[in-house]
Structure formats: structure tokens, C-alpha cells
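Structural overview
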Amino acid sequence: GIQVVLGAMRGHGGHAGIQGHCSGTLTHLAGGSKQRERIVALGGLDDVIKGMAAHPTSQLVQYKGCAVLANFAHNILEQQQVGSAGGVKASIRAMQLHADDKDVQDYCMGTLYNLARAYENREKIAAEGGIQVIKQALVMHPDASTVQRVGKNLVETLSRDFD
């Protein structure tokens, strides 16, 4: 399972389709805490973020990558691990590069929302320009219910700490 998926990601780093679909598979494999611990121990978070960095123009890689990162937010330790691995920066970058794509905005917004439970990640979101990126998504996607609901909540939370 997990080792096979990570092996495929590592063996085919230059192939956006494989990176995206493997990230999608990891999203499903990361359902339990033991599986998430194993993914982290095997370097899976780094692999997902590397895939996102290697394929910035691929909407598939970006939204599937954010889906994996969002699943790693069940507790403060996992939120900190994702933040330390570069998950906040990767999510904001995906939102910036794909401002017009509702799916990327939806998944990445969800990731930031989940990660923002840890104060240090809220600091990272603010430092990376995330508040403005979130506000931009709210303007550009007025009919995207999840973007609107999650984004407004996230802006409110971040504004309390950083406005």
C-alpha cells in the first residue's frame, strides 16, 4: 500500500499524472492515525510537497496534494508536522497559481483551515500572504459554497490574530 505509492511517486517524480493520482491514493490511505504515522515515517509528507513543487502548473497535483495535507490535521502534532514540512507554503502557492480553479481553491482552503488550528501555522499563513490569497478566493469564487464558508471562517480566525 503506502510503500508502493511512495515508491511510484519517487520513481516518477517528473510525471504529473502519477504524482497527482498517487497523492489521491495517499488521501485514502491516510484515514487512520497509524497510517498517517507510517506515511510521515516513510517521508510521505515530503514526497507530496515535492510533487506539488515539481508540478506547479498541474491542477491535479495541487488539489490532490492539498487533499493529503488536509487529512494530516487530526491533532496538533500532525498540524505542526505538515506546517514544518512546508504544507502551509505549498497550499498558499497552489492557491496563488490556480486562483481561477475552484477545486484547487476548495481543497487548499480546507487544508489551511485544518492547519490553522495550530497557532504556529496561523503565523505561517499570515507571513506567507495567506490572508490576502484567501480573500482573493472569496471574491473570485462567489458561488463556491465551501470556499465561501471555510474562507470566511478562516479570515475571521486569522484576522483576530494578525489584523
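Above this text sits the structure in question.
Below: a short report on this structure. (Residues numbered from 1 in each chain as written. Predicted model: local features only at pLDDT ≥ 70, side-chain atom pairs only at ≥ 80, totals over all residues. Heavy atoms only, no water.)

What to know about the state of the cysteines
One pass over the full model with this rule turns up 1 disulfide. Between the sulfur atoms of Cys-66 and its disulfide partner Cys-108 the distance amounts to 2.5 Å. Residues Cys-66 and Cys-108 share a disulfide whose torsion about the S-S bond is about 85 degrees; that sign makes it right-handed. Here Cys-66, found in helix 5 (residues 59-71), pairs with Cys-108, found in helix 8 (residues 102-115); they are 42 residues apart in sequence, far enough to count as distant. Considering cysteine sulfurs only, Cys-66 is the nearest to Cys-22, which forms no disulfide, with 17 Å between them. Accessibility expressed as a relative area gives 11% for Cys-22, which makes it buried. (Disulfide = S-S within 2.5 Å. Helix = DSSP H or I, 4+ residues; strand = E, 2+ residues; numbered from the N terminus. Buried < 20%, exposed > 50% of the residue type's maximum accessible area, 1.4 Å probe, protein only.)

What to know about the packing of aromatic side chains
As enumerated under the stated definition, the model contains 2 aromatic pairs in all. With 5.1 Å between their ring centres and 35 degrees between their planes, Tyr-63 and Tyr-107 make a pair best called tilted. Here Tyr-63 is found in helix 5, whereas its partner Tyr-107 is found in helix 8, with 44 residues between them in sequence. Under the relative-accessibility criterion, Tyr-107 is labelled partly exposed at 36%. (Phe/Tyr/Trp six-rings, centres within 6.5 Å; stacked < 30°, edge-to-face > 60°.)

Description of helix 11 (residues 145-162)
Because an α-helix completes one turn every 3.6 residues, residues spaced three or four positions apart along the sequence face the same direction. Here helix 11 spans 25 Å end to end across 18 residues, near enough to the 26 Å set by a 1.5 Å rise per residue. Within the sequence span of helix 11, burial applies to Val-147, Gln-148, Val-150, Gly-151, Leu-154, Val-155, Thr-157, Leu-158 and Ser-159. The secondary structure elements touched by the buried residues of helix 11 are helix 8, helix 9 (119-127) and helix 10 (130-140). (Expected span 1.5 Å × (residues − 1). Contact = heavy atoms within 4.5 Å.)

Topic: the nonpolar core
Counting 43 residues, the largest nonpolar core has Leu-26, Met-52, Met-95, Met-109, Leu-112, Ile-125 and Ile-134 as its most contacted members. Those elements that provide at least two residues to this core are helix 1 (2-11), helix 2 (16-29), helix 4 (44-54), helix 5, helix 7 (87-97), helix 8, helix 10 and helix 11. In this structure, Leu-112 is in contact with Val-88, Ser-91, Ile-92, Met-95, Ile-125, Ile-134 and Leu-154, ignoring residues within four places of it in sequence. (Core = buried A, V, L, I, M, F, W, Y, C linked by side-chain atoms within 4.5 Å.)

Comments concerning the environment of Tyr-113
Within the secondary structure layout, Tyr-113 lies in helix 8. Residues Tyr-113 and Ile-125 lie 12 residues apart in sequence; the distance between their C-alpha atoms is 10.0 Å. Once residues within four sequence positions are removed from consideration, Tyr-113 is found in contact with Val-150, Asn-153 and Leu-154.

Quick notes on the pattern of salt bridges
Scanning the model with the defined rule gives 5 salt bridges in all. With its nearest N and O atoms 2.7 Å apart, the salt bridge here joins Arg-10 to Asp-47. Of this pair, Arg-10 sits in helix 1 while Asp-47 sits in helix 4; the two residues are 37 residues apart in sequence, bridging distant segments of the chain. Between Arg-36 and Glu-78 there is a salt bridge, with the nearest N and O atoms lying 2.8 Å from each other. With Arg-36 in helix 3 (residues 33-41) and Glu-78 in helix 6 (residues 76-85), this residue pair connects regions lying 42 residues apart in the sequence. Judged by relative accessible area, Arg-36 falls into the buried class, the value being 5%. (Salt bridge = Lys/Arg side-chain N within 4 Å of Asp/Glu carboxyl O.)

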